[in-house]
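Here is what each chain is made of, one letter per residue.
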Amino acid sequence: TLILTANPNKFASLNMMAAGLARTIGEPNTALRFYYHVAEKMPTHRDAQVALLMMGIIYEDELQDLDKAKSTYEEFLRRYPDGSEYTNDVKTSLENLGIPLEERVKRMEQNQE
């Protein structure tokens, strides 16, 4: 908390790096906690949108918790209704929620033809 109040950018940066490292070593729950610190404690920070998006991705792809993934993606769209560079990604994730990756790739290839 001291780092958060003293230097919010450093707090966000450290949490984002720690979350990325946790994902790399196969610790999705630990990554979620670090992303949560940024998304929930600093919702107006520039990294908050990425953190919330990553939480949805972890719930969906790594933990296979589609209900939490859906609610996280929906929360993203509620918080950032004016759009962001990630809005289309979030909408696409919601549309494809629960569809296996292989099927998503197949659909994308068909749409490009």
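Note that the structure is a prediction, hence the values are computed from the model and not measured.

(A) Layout of the overall build of the protein chain. The secondary structure content of the protein chain amounts to seven helices and zero strands. The dimensions of the protein chain, computed from C-alpha atoms along their principal axes, are 50 × 35 × 25 Å. Taken across its 113 residues, the protein chain has 31% of its residues classed as buried. Of all intrachain contacts in the protein chain linking residues separated by at least 6 positions in sequence, the fraction that spans at least 24 positions is 45%. Total accessible area computed for the protein chain in this model is approximately 7,300 Å², and 51% of it derives from carbon and sulfur atoms. Once the 13 positive and 18 negative side-chain charges of the protein chain are each reduced to a mean point, those two points are 6 Å apart.

(B) Examining the side chain of Ser93 more closely. In this fold, Ser93 is placed in helix α6 (residues 87–95). Once residues lying within four places of it in the same chain are set aside, the contact partners of Ser93 are Glu60 and Tyr73.

(C) Focus on unusual backbone geometry. Residues other than glycine seldom take positive phi values, yet Gln64 does so here, at roughly 50°. A relative accessible area of 54% means that Gln64 is categorised as exposed.

(D) Quick look at the pattern of salt bridges. Summed over all chains, the structure comprises five salt bridges. For Glu75, the salt bridge identified is with Arg79, shortest N-O distance 3.0 Å. A residue pair is termed a helical-turn pair when its members lie 3 or 4 positions apart in one helix, as Glu75 and Arg79 do in helix α5 (residues 66–79) at four residues.

Reading the values: rules and limits
- Residues numbered from 1 in each chain as written.
- Predicted model: local features only at pLDDT ≥ 70, side-chain atom pairs only at ≥ 80, totals over all residues.
- Heavy atoms only, no water.
- Helix = DSSP H or I, 4+ residues; strand = E, 2+ residues; numbered from the N terminus.
- Buried < 20%, exposed > 50% of the residue type's maximum accessible area, 1.4 Å probe, protein only.
- Contact = heavy atoms within 4.5 Å.
- Areas by Shrake-Rupley, 256 points an atom, 1.4 Å probe, with all protein chains shown as cover.
- Lys, Arg positive; Asp, Glu negative; His and termini not counted.
- Charge placed at Lys NZ, Arg CZ, Asp CG, Glu CD.
- Salt bridge = Lys/Arg side-chain N within 4 Å of Asp/Glu carboxyl O.

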